[in-house]
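What the coordinates show
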Amino acid sequence: GDSVTQMEGPVTLSEEAFLTINCTYTATGYPSLFWYVQYPGEGLQLLLKATKADDKGSNKGFEATYRKETTSFHLEKGSVQVSDSAVYFCALRGNAGKSTFGDGTTLTVKP
Amino acid sequence: GAGVSQSPSNKVTEKGKDVELRCDPISGHTALYWYRQSLGQGLEFLIYFQGNSAPDKSGLPSDRFSAERTGGSVSTLTIQRTQQEDSAVYLCASSPGGLGEKLFFGSGTQLSVL
C-alpha cells in the first residue's frame, strides 16, 4: 500500500538557519503530495501542496517540489523564524482518495 | 459552523467501557477520515469513507473499533471494551472528493482510558 517516510526529528535550528525536512513516498499511480503543519496547541492545517510531477508548492516562505523520479517531496525554507516551531507532516493522497501521513517532524527554532 | 466539528473534545472513561466519538464534517464534503495521534507520535490512519463506496477499514487496529457514516454526513467512531492503549487524540478530517484537495481537520477528541 501507499506509504510516506519523513526525516526523523526532532530538529533544532537557530533563527535564520536553512531548513530541509526530507520526505519520500511509495504509491501506485500519480498521488497528490502535501505538507501539513501543527503549531503548538492548534489543529493540523495545510502548509502547501503539489498535484503533479515537477510542480512546486509554496507558502509562508516554505517550498517543496514534486520529484517523481526520486519519489520525494522535501520541504525547505531559506531562513526559519521562531514562529515556525511546529510539527510538520508530509502526506500523500492516492488514486483511491485515501490520505497517508508520515510520522511528523518536530521543529524547534531558537532565537 | 464552517469547520469540522468533533465531540466530545475530551473523554475520560474506565477500562472496559464503550465510547462513541462523533464527527460532523463540512457540508458537501464527500470524503471523511478518522486518524489516531498518540502522544509524540504521527497520524495513524483508521478508516476512510468516500461517498457511497464501501469504507476503507484497513487501519482499524482491532475488531473493538468500528465506524459508520450516516447519510453521507455525520460519522461515529465506536470503541468497545476500551483498553489503556486506546488513549490518544482521535482526529476526524473531511475533504471534497478530488485527489488534489486538502483535508480539513477537526480539533480532535482526547480520549483517556483509566
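Residues numbered from 1 in each chain as written. Chains lettered and ligands numbered in written order. Predicted model: local features only at pLDDT ≥ 70, side-chain atom pairs only at ≥ 80, totals over all residues. Heavy atoms only, no water.

**Details of the sheet that holds strand β8 (residues 62-65) of chain A**
Residues and elements named next belong to chain A. Put simply, the rule reads: Strands pair, by our definition, only if DSSP identifies at least two bridges between them. Here a helix means four or more residues in a row that DSSP labels H or I, a strand means two or more in a row labelled E, and each is numbered from the N terminus. To obtain each axis, a line is fitted to C-alpha atoms, and for helices this fit is confined to the stretch in contact; angles are then taken between N-to-C directions over 0 to 180 degrees.
Strand order in the open sheet formed by 4 strands is β3-β9-β8-β7, with antiparallel pairing between adjacent strands. Lying at the two open borders of the sheet, with one neighbouring strand each, are β3 (19-21) and β7 (56-59). Strand after strand, the sheet turns through a mean of 15 degrees between neighbouring axes, direction not considered. Relative to strand β9 (residues 75-77), β3 runs antiparallel, the two being bridged by 3 bridges.

**A closer look at the confidence of the model for chain B**
Operational definition: On a scale of 0 to 100, pLDDT captures the predictor's confidence in every residue.
Per-residue pLDDT for chain B averages 93, and the proportion of residues at 70 or more is 98%. Here strand β5 (residues 43-50) of chain B stands out as the element of chain B with the lowest mean pLDDT, 93, in contrast to strand β7 (residues 75-79) of chain B, whose mean of 98 is the highest.

**Observations concerning the sheet that holds strand β6 (residues 65-69) of chain B**
Residues and elements named next belong to chain B. In spatial order, the strands read β1-β3-β7-β6; together these 4 strands make up an open sheet with antiparallel pairing. Only two strands of the sheet have a single neighbouring strand rather than two, namely β1 (5-7) and β6. Strand-to-strand twist across the sheet, computed as the mean angle between neighbouring axes with direction ignored, equals 15 degrees. Of the pairings in the sheet, the one linking β6 to β7 comprises 5 bridges and is antiparallel in character. Residue pairing across strands places Phe65 opposite Ile79, the latter belonging to β7.

**Section: the interface of chain A and chain B**
Applied cut-off: By definition, residues are in contact when any of their heavy atoms lie within 4.5 Å. A simple way to read buried area is as the amount of 1.4 Å-probe accessible surface that goes missing from two parts once joined, with both sides added. Salt bridge, as applied in this entry: a Lys or Arg side-chain nitrogen positioned within 4 Å of an Asp or Glu carboxyl oxygen. Identification of polar contacts relies on pairs of N or O atoms within 3.5 Å, with a donor-acceptor requirement for protein atoms, meaning one able to donate a hydrogen and the other able to accept it, and with residues adjacent in sequence counted only if both atoms are side-chain atoms.
In this complex, chain A contributes 19 residues to the contact, which on the side of chain B involves 23 residues. When chain A packs against chain B, close to 1600 Å² is buried across both sides, 54% of that on carbon and sulfur atoms. The three residues of chain A that bury the most area against chain B are Leu44, Arg93 and Lys98 of chain A, which together make up 38% of that side's buried surface. The tally of links from chain A across to chain B stands at 1 salt bridge. For the pair chain A and chain B, the interface holds 13 residue pairs in polar contact (both at pLDDT 80 or more). Mapped by element, the contributors of at least two residues to the side of chain A that touches chain B are β5 (32-38), β6 (45-50), β10 (86-93) and β11 (99-101) of chain A.

**A short note on the pattern of salt bridges**
What counts here: A 1.4 Å probe rolled over the protein chains alone gives each residue an accessible area, and that area as a share of the maximum for its type sets the label: buried under 20%, exposed over 50%, partly exposed in between.
Under the criterion given, the structure shown has 7 salt bridges over all chains. With its nearest N and O atoms 2.8 Å apart, the salt bridge here joins Asp84 of chain A to Lys77 of chain A. Across the pair, exposure class does not vary: Asp84 of chain A and Lys77 of chain A are buried alike. Salt-bridge contacts for Asp86 of chain B lead to Arg64 of chain B; the nearest nitrogen and oxygen are separated by 2.8 Å. Placement of Asp86 of chain B in the loop between β7 and β8 (88-95) and of Arg64 of chain B in the loop between β5 and β6 is noted, with a sequence separation of 22 residues between them. Of the two residues, Asp86 of chain B and Arg64 of chain B, neither departs from the other in class, the shared state being buried.

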